[in-house]
Amino acid sequence: MIALRARMSRDEGLTLTELLVTMVIMGVLVSASAALYISALRTSTGTKSRLDEVNDGRIAFSAMSRTLRTAILPSQLFDAASAESAAFIEASPLSMKFYANVDNPNNSIGPTRLSYTVTAAKELVETKQIPNQPVINNKYVYCDPAVVGCVVQRKILARGVDPTKTIFTYYDDLGFLLTGGGSGGVLSQTQMENIDALDISLVVEQPGSGGDGTTYVSRIALPNHDAVIRSEEGP
């Protein structure tokens, strides 16, 4: 009984030195855990940004490739009154507007005016405008987008597109580069009439992806427009 009381009366708590050592060890463990968590979070965020970058670029590139292959003159869709001499309405290194034969079953709607433009906000925007309905005397007429009631469909294809890098490069039927002499490299009417193919070089870079962006490059043939060029050249 006396021995038990003696043991109970002894002070067996932690000393200040032991407490400090324990706090230091805990601090190291907490710091290491926090560093691992932050690293994992950054990796996860970077992976997500990278995936968004790849998906945006793939979807935009696929959409542009598909519609550009349908570039066509309105006169090729039975618009005998059309005065257009090229499928392209505007063509520059960063934007273009052209007639596309999309969403036009049995030529029941007509050619869509379709454009691609990179905005200052680094967004690649697709704009679609179908002819006024109904078509009168096989003449395709389009409303003025600036007028209230004019229906124009706009869609952002990709974000993080550098507005200073060339996206579109144009070539004639002999493979020669068509270089616009106007402001911003805009092609002339004659040059647009001679476009036979073009290169798309799309760079998409999302913040936090940890790289220089994802680049998609391909040459797109224009079979409808090429047929017009060949027929004008003759045998």
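Nothing here was measured: the structure is a model prediction, and the numbers come from that model.

A. Expanded view of the environment of Met64. Within the secondary structure, Met64 is located in helix H2 (residues 16–68). On the accessibility criterion, Met64 (0% relative accessible area) is buried. Measuring from C-alpha to C-alpha, the distance between Met64 and Ser115 comes to 9.6 Å, with 51 residues separating the pair along the chain.

B. View of the sheet that holds strand S3 (residues 112–118). Read across the sheet, five strands follow the order S1-S2-S3-S4-S5 without closing on themselves; strand pairing throughout is antiparallel. On the outer flanks of this sheet lie strand S1 (88–91) and strand S5 (153–159), each paired with one strand and no other. For this sheet, the mean inter-axis angle between neighbouring strands, taken without regard to orientation, is 15 degrees. In this sheet, strand S2 (residues 95–100) lies alongside S1 in antiparallel orientation, the contact comprising three bridges. Looking at S2, one finds that Glu90 is bridged to Lys97.

C. The arrangement of the nonpolar core in detail. Within the largest apolar cluster, 35 residues are counted, with the highest numbers of intra-cluster contacts made by Phe88, Leu124 and Ile200. The element best represented in this core is H2, accounting for five residues. Counting five residues, the second-largest nonpolar core is a separate cluster that includes Leu77, Tyr99, Tyr140 and Tyr142.

D. Layout of the sheet that holds strand S7 (residues 177–178). Within the open sheet, the four strands sit side by side as S7-S6-S8-S9. Their pairing is antiparallel. Each edge of the sheet is formed by a strand with only one pairing partner; in this case those strands are S7 and strand S9 (214–221). In the sheet, strand S6 (residues 168–171) pairs with S7 via two bridges, with the strands oriented antiparallel. Residue pairing for S7: Tyr170 is matched across the bridge by Leu178.

E. Quick look at empty space enclosed by the protein. A complete count under the given rule lists one cavity of 30 Å³ or more for this structure. Computed from the structure, the largest cavity encloses a volume of approximately 30 Å³. If you trace the largest cavity, you find it lined by Val161, Asp162, Lys165, Thr166, Ile167, Ser201 and Val203. Here the residues of the lining of the largest cavity sort into three nonpolar, two polar and two charged.

F. Fine view of the side chain of Asp199. Relative to the helices and strands, Asp199 is located in strand S8 (residues 197–204). In this structure the side chain of Asp199 is engaged in a polar contact, spanning 2.7 Å, whose partner is the side chain of Arg219. Asp199 has contacts with Ile167, Phe168, Thr169, Tyr171, Ser218 and Arg219, leaving out every residue within four places of it along the chain.

G. Highlighting the packing of aromatic side chains. Evaluation of the coordinates by the stated rule reveals five aromatic pairs. Taken together, Phe88, Phe98, Tyr116 and Tyr170 form an aromatic cluster joined through their ring pairs. The ring of Tyr171 has Arg219 lying over it, and the distance from NZ or CZ to the ring centre is 3.9 Å.

H. Representation of a nonpolar patch on the surface. Where nonpolar side chains cluster on the molecular surface, the patch consists of Leu16, Leu19, Leu20 and Met23 and spans about 420 Å² of accessible area. Residue placement: Leu16 occurs in helix H2. The class of Leu16 is exposed, set by a relative accessible area of 61%.

I. Structural view of the pairing of S8. For S8, a buried count of seven out of eight residues is recorded, marking the element as mostly surrounded by other parts of the structure. As judged from the four bridges shared by S6 and S8, these two strands associate in the antiparallel manner. Within S8, the position partnered with Phe168 by the bridge is Ile200. By the bridge criterion, eight bridges tie S8 to S9 in an arrangement that is antiparallel. Bridged to Asp199 within S9 is Arg219.

Definitions and cut-offs
- Numbering of residues starts from 1 in every chain and runs along the sequence as written.
- Reporting of local features is limited, given that this is a predicted model, to residues whose pLDDT is at least 70; pairs of side-chain atoms are given and counted only at 80 or more, and all residues count toward the totals for whole chains, interfaces and linings.
- Heavy atoms throughout the structure, all of them, feed into the side-chain values; hydrogens and water do not.
- Numbering goes from the N terminus for both helices and strands, where a helix is a DSSP run of H or I of at least four residues and a strand is a run of E of at least two.
- Buried residues are those whose accessible area, probed at 1.4 Å on protein chains only, stays under 20% of the maximum for their type, while exposed residues exceed 50% and partly exposed ones sit between those limits.
- Two strands form a pair only when DSSP identifies at least two bridges running between them.
- Lines fitted to C-alpha atoms define the axes here, with helix axes fitted over just the stretch in contact, and angles between the N-to-C directions of these axes take values from 0 to 180 degrees.
- Definition used in this section: a nonpolar core is a set of buried Ala, Val, Leu, Ile, Met, Phe, Trp, Tyr and Cys residues joined via side-chain atoms within 4.5 Å.
- Lining residues are those with an atom within 4 Å of a point, where the points come from a 1 Å grid over the protein atoms alone and group into cavities, where a 1.4 Å probe fits but cannot get out, or pockets, open sets with protein on both sides within 12 Å along at least five of seven lines.
- Grid points are joined across faces, edges and corners, and a volume is the space filled by probe spheres set on the points.
- Each residue receives one of three labels: charged for Asp, Glu, Lys and Arg, nonpolar for Ala, Val, Leu, Ile, Met, Phe, Trp, Tyr, Cys and Pro, and polar for the others, Gly being one of them.
- What qualifies as a polar contact is a pair of N or O atoms within 3.5 Å, subject to a donor-acceptor requirement within protein and to the restriction that residues adjacent in sequence count only when both atoms come from side chains.
- Throughout, a contact is declared for two residues whenever any of their heavy atoms are within 4.5 Å.
- Between the rings of Phe, Tyr and Trp (Trp by its six-membered ring), a pair exists once the centres lie within 6.5 Å; its type follows the angle of the planes, with under 30 degrees stacked, over 60 edge-to-face, and the other angles tilted.
- A ring is scored as having a charge over it whenever the NZ atom of a lysine or the CZ atom of an arginine sits within 6 Å of its centre and within 35 degrees of its normal.
- Patch membership needs two things, relative accessible area over 30% and no salt bridge, and members are linked within 9 Å if like-charged or within 5 Å if nonpolar (Val, Leu, Ile, Met, Phe, Trp, Tyr).
- For accessible areas, the Shrake-Rupley method is used with a probe of radius 1.4 Å. Any residue's cover is judged against the shown protein chains and nothing else.
- Any Lys or Arg side-chain nitrogen found within 4 Å of a carboxyl oxygen on Asp or Glu counts as a salt bridge.

Such coordinate-based values are descriptive only and should not be taken to indicate function.
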